Amino acid sequence: MSFLQRIGNAIARFMYGRNGADHLGMALIWTGLIANVVASFTGSDLVYGIMSLLSSAVVFVAMFRMFSKNLQKRRAENAWFLQKIWWPISRRFGARKRQLQDKEHKYFTCPNCKTVCRVPRGKGTIVITCPKCRSEIRGKS
């Protein structure tokens, strides 16, 4: 067994029963790194000190979460983060990307309830009834 394999095995044994890296932990680390880079471009020493202190605190919280053995609490925190922050943002950007790649359909957004309706392209001027609020949407497919 090589030296690097022994180190990898030792780290795996150390991390057994600990939370490790999850979405919230990685988001905290990236937030801390970005805040530190932004702090380095500020002209004021006071602003730099405050921003670097905050970024260090965020990275410390992320590291605490990764090494924590309280799995139930860390998983609940991560589930809240995924449900309230991560998935709405990723759905918003992912849906827009899928819409741009979809050449066979046209997407209309209801002005009342903001529901996105998908219709086939090439049908001319159409009137769509929103499935949620029953308002009419007029447009060209």
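Not measured: the values here are computed from a predicted model.

(A) Geometry of the overall build of the protein. When its secondary structure is counted, the protein shows four helices and four strands. Secondary structure of the protein in N-to-C order comes out as α-α-α-α-β-β-β-β. Its C-alpha radius of gyration of 24 Å places the protein more than 25% over the 14 Å reference for a compact globule of 141 residues. Its C-alpha atoms give the protein principal-axis dimensions of roughly 65 × 50 × 30 Å. For the protein, the residues scored as buried account for 26% of the 141 residues in total. Partitioning the contacts of the protein with sequence separation of at least 6, the portion at a separation of at least 24 is 41%. Accessible surface computed for the protein: about 10,700 Å², of which carbon and sulfur atoms make up 62%. The protein carries 24 positive and 6 negative side-chain charges, and their two centres are separated by 5 Å.

(B) Spotlight on the environment of Arg-118. Its place among the elements puts Arg-118 in strand S2 (residues 116-120). Taking the C-alpha atoms as reference points, Arg-118 and Gln-99, separated by 19 residues in sequence, lie 9.4 Å from one another. When near neighbours in sequence (up to four residues on either side) are disregarded, Arg-118 contacts Asp-102, His-105, Lys-106 and Tyr-107.

(C) Quick peek at unusual backbone geometry. Residues other than glycine seldom take positive phi values, yet Lys-114 does so here, at roughly 65°. Note that Lys-114 resides in the loop between strand S1 (105-109) and S2. Overall, Lys-114 belongs to the exposed group, its relative accessible area being 59%. Positive phi, normally seen in glycine, also occurs at Arg-134, with a value near 65°. Structurally, the position occupied by Arg-134 is in the loop between strand S3 (125-129) and strand S4 (136-140). The class of Arg-134 is exposed, set by a relative accessible area of 61%.

(D) Helix H2 (residues 23-40), seen in detail. In a regular helix each residue adds 1.5 Å, so 18 residues correspond to 26 Å; H2 covers 26 Å between its end C-alpha atoms and thus fits that length. What H2 keeps buried is the set Leu-24, Gly-25, Ala-27, Leu-28, Ile-29, Gly-32, Ala-35 and Ala-39. Where H2 is buried, its residues meet helix H3 (45-67) and helix H4 (71-101).

(E) Just the packing of aromatic side chains, in detail. With the rule as written, the count across this model stands at two aromatic pairs. Seen in terms of ring centroids, Phe-81 and Trp-86 are 6.1 Å apart; in terms of plane orientation they differ by 40°. Their pairing is tilted. Note on Trp-86: relative accessible area 35%, which makes it partly exposed. Directly above the ring of Phe-14 sits Arg-18, whose terminal nitrogen or CZ lies 4.2 Å from the centroid.

Cut-offs used in this document
Residues numbered from 1 in each chain as written. Predicted model: local features only at pLDDT ≥ 70, side-chain atom pairs only at ≥ 80, totals over all residues. Heavy atoms only, no water. Helix = DSSP H or I, 4+ residues; strand = E, 2+ residues; numbered from the N terminus. Rg over C-alpha atoms; globule rule 2.2 N^0.38 Å. Buried < 20%, exposed > 50% of the residue type's maximum accessible area, 1.4 Å probe, protein only. Contact = heavy atoms within 4.5 Å. Areas by Shrake-Rupley, 256 points an atom, 1.4 Å probe, with all protein chains shown as cover. Lys, Arg positive; Asp, Glu negative; His and termini not counted. Charge placed at Lys NZ, Arg CZ, Asp CG, Glu CD. Expected span 1.5 Å × (residues − 1). Phe/Tyr/Trp six-rings, centres within 6.5 Å; stacked < 30°, edge-to-face > 60°. Lys NZ or Arg CZ within 6 Å of the ring centre and 35° of its normal.

The values reported here are purely geometric and, on their own, carry no functional implication.
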